[in-house]
Amino acid sequence: MSLPALPTQPADTPWPTHQWPSSEPDVANPDALQAAVDELFESGRPELGRTDALVLVQGGSLVVERYGHGVDSASTLPSWSMAKSMTAVLGALAGIDWEAPVLAPEWVATPDDPRREIRARHLLTMTTGLEWTEIYEPDQPSDVVRMLFGDAKADAARFAADKPPAAAPGEVYQYSSGTTNILARHIAGHLGLDGDAPGFEAFMRRELFDPVGMASPIPKFDARGTFIGSSFCYCTAADFARFGLLCLRGGRWDERQLVPADQIDRFRTPTEASRGVDDFVHGGHFWVHEDGFGTFACHGYEGQYIWMVPALDLVLVRSGVRPETDKQSLVVALRAIVEEFAR
């Protein structure tokens, strides 16, 4: 399929490696944009939850930066599942062959184990076929809660990889935080850093964070030393925006092509098996909005968002808490902000 073209950094706009350039939003109606932003912070609508931070980057410049009570530009904020998109980018930086088999110890020892057919691309697109329950309600059985907070948290990837197959690889889409942690372990193994948390964190900083000026990230590892790439990489809102800008620029930063452009395209290509399963179409550890603007995004629990909007050369970062019983009201409010840039 044809993907929307990604915008390049304007020649007169410096890259925000050390400091964000800032400007006024280029919109037809600044008052309407202000009202849409105020709606997140001041409306008192419970369905919108609590917004702690909102950052908007247009044309590579910071045009909106606003924080809620008790939060400021230095606050490190939760990624939740936005870390999944970072994990995908780390895979690209590590040179993962997405067509290669995943040599997980949980299944390679048995010659006829059907899980031996799982390829790295199946991890990326969440089509491994492994059983998984992604529920965040404490009164319901949940694999993800056990893995992140319960008896399986010491070795997240092993817990996920031990799951039996429920379908052949590539046939069924199943959103799974466990899949991402298998991928994180696979990336570490490819680098010769399996179980080496300090070594893998050094790789993250050297290859991703430092080159784009992300000084705040705090990645978390399980007791075995595997990056919990499904859920835990805390950052400031401005650093989440730097990650978003890197992706919006097709993996380029200043004079360097940090992430191969074809890898960013892979991540923002819809996974057909995911259509109709979630509120959005899944790509490769990113979400695809199919909204007419070419938006692809990082999403996290309780409404953590990084939206990359190619047609408008826009990055939107929102951090806060949102009711899980109503995910769409916040999405509608954020889209109202984006649409002000399209008028």
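Everything here concerns the structure above.
These numbers were taken from a predicted model, which means no experiment stands behind them. Residue positions are counted from 1 within each chain, in the order its sequence is given. In keeping with the model being predicted, local features are shown solely for residues with a pLDDT of at least 70 and side-chain atom pairs are shown and tallied solely at 80 or more, while totals for entire chains, interfaces and linings include all residues. To obtain the side-chain values, all non-hydrogen atoms of the structure were used and water was disregarded.

1. A short note on the pairing of strand β10 (residues 304-309)
Piece 1. The cut-offs for exposure are 20% and 50% of the maximum accessible area for each residue type, with area from a 1.4 Å probe on protein chains only; residues under the lower value are buried, those over the upper are exposed, and the others partly exposed. Helix and strand definitions here come from DSSP, where helices need a minimum of 4 consecutive H or I residues and strands a minimum of 2 consecutive E residues; each element is numbered from the N-terminal end. The element β10 is extensively covered by neighbouring structure, given that six of its six residues are classed as buried.
Piece 2. Burial along β10 is two-sided: the face carrying Gln 304, Ile 306 and Met 308 and the face carrying Tyr 305, Trp 307 and Val 309 are both buried.
Piece 3. Two strands are said to pair when DSSP picks up at least two bridges between them. Across five bridges, the pairing between strand β9 (residues 296-300) and β10 is antiparallel. Pairing of Phe 296 across the sheet is with Met 308, part of β10.
Piece 4. Across five bridges, the pairing between β10 and strand β11 (residues 314-321) is antiparallel. Residue pairing for β11: Tyr 305 is matched across the bridge by Arg 318.

2. Some words on empty space enclosed by the protein
Piece 1. In this analysis the probe radius is 1.4 Å and the grid spacing 1 Å, with only protein atoms considered; a cavity is a set of points the probe fits into but cannot get out of, a pocket is an open set with protein on both sides within 12 Å along at least five of seven lines, and lining residues have an atom within 4 Å of a point. Grid points are joined across faces, edges and corners, and a volume is the space filled by probe spheres set on the points. Per the stated rule, a full pass over the model turns up four cavities of 30 Å³ or more.
Piece 2. There is about 50 Å³ of room inside the largest cavity.
Piece 3. Looking at the largest cavity, the residues that line it are Ser 81, Lys 84, Ser 85, Tyr 175, His 282, His 285, Phe 286, Trp 287, Ala 297, Cys 298 and His 299.
Piece 4. In terms of residues, the lining of the largest cavity owes the most to one element, β9, which gives three residues.
Piece 5. Residue classes in the lining of the largest cavity are distributed as five nonpolar, five polar and one charged. Three categories are distinguished: nonpolar for Ala, Val, Leu, Ile, Met, Phe, Trp, Tyr, Cys and Pro, charged for Asp, Glu, Lys and Arg, and polar for the others, with Gly belonging to the last.

3. Structural notes on helix α11 (residues 328-340)
Piece 1. For a helix, the expected span equals 1.5 Å multiplied by the residue count minus one. With 13 residues, α11 ought to run about 18 Å at 1.5 Å a step, and its terminal C-alpha atoms sit 19 Å apart, in line with that.
Piece 2. Buried within α11 we find Ser 329, Leu 330, Val 331, Ala 333, Leu 334, Ile 337, Val 338 and Glu 340.
Piece 3. Any two residues having at least one pair of non-hydrogen atoms within 4.5 Å are treated as being in contact. For α11, the secondary structure elements touched by its buried residues are α1 (30-42), β1 (50-58), β10 and β11.

4. Describing the sheet that holds strand β2 (residues 61-67)
Piece 1. Overall, antiparallel pairing links the seven strands, which are arranged β2-β1-β11-β10-β9-β8-β7 in an open sheet. Two strands close off the open sheet at either side, each with one partner strand: β2 and β7 (281-282).
Piece 2. Every angle, taken between N-to-C directions, lies between 0 and 180 degrees, and every axis is a line fitted to C-alpha atoms, over only the stretch in contact when it is a helix. Helix-sheet contacts for α1 involve β1 and β2, and the interaxial angle to β1 is about 155 degrees.
Piece 3. Strands β1, β2, β9, β10 and β11 of the sheet are contacted by helix α9 (residues 237-248), whose axis makes an angle of about 145 degrees with β11.

5. Thoughts on the layout of surface pockets
Piece 1. Its volume calculated, the largest pocket comes out at about 580 Å³.
Piece 2. Tyr 175, Asp 278, Arg 322, Glu 324 and Lys 327 are the residues nearest the centre of the largest pocket, which is lined by 22 residues in total.
Piece 3. Put simply, the parts of the chain that give the lining of the largest pocket at least two residues each are β9 and α11.
Piece 4. Taken together, the residues of the lining of the largest pocket break down into eight nonpolar, six polar and eight charged.

6. Some thoughts on the side chain of Asp 239
Piece 1. The topology assignment puts Asp 239 in helix α9.
Piece 2. For Asp 239, a relative accessible area of 3% gives the class buried.
Piece 3. Separated by 3.1 Å, the side chain of Asp 239 and the backbone nitrogen of Ala 215 make a polar contact.
Piece 4. Beyond its immediate sequence surroundings of up to four residues, Asp 239 is in contact with Gly 213, Met 214, Ala 215, Ser 216 and Pro 217. Distance and chemistry together define a polar contact, namely a pair of N or O atoms within 3.5 Å, with one atom able to donate a hydrogen and the other to accept it when in protein, and with adjacent residues in sequence counting only for side-chain atoms on both sides.

7. Let's talk about the packing of α1 against α11
Piece 1. The N-to-C vectors of α1 and α11 enclose an angle of 160 degrees; their axes lie 9 Å apart at closest approach. It follows from the interaxial angle that α1 and α11 lie roughly antiparallel. In terms of crossing hand, the pair formed by α1 and α11 is left-handed. Listed contacts from α11 to Ala 32, Leu 33, Ala 36, Val 37 and Leu 40 of α1 are Leu 330, Ala 333, Leu 334, Ala 336, Ile 337 and Glu 340.
Piece 2. Of the residues belonging to the contact of α1 with α11, the class tally is 10 nonpolar, no polar and one charged. When describing relative orientation, an angle under 35 degrees is termed roughly parallel and one over 145 degrees roughly antiparallel, while 65 to 115 degrees is termed roughly perpendicular and anything else oblique. Throughout, a crossing is termed right-handed when the near helix is turned clockwise from the far one, and left-handed when it is turned anticlockwise from it by less than a right angle.

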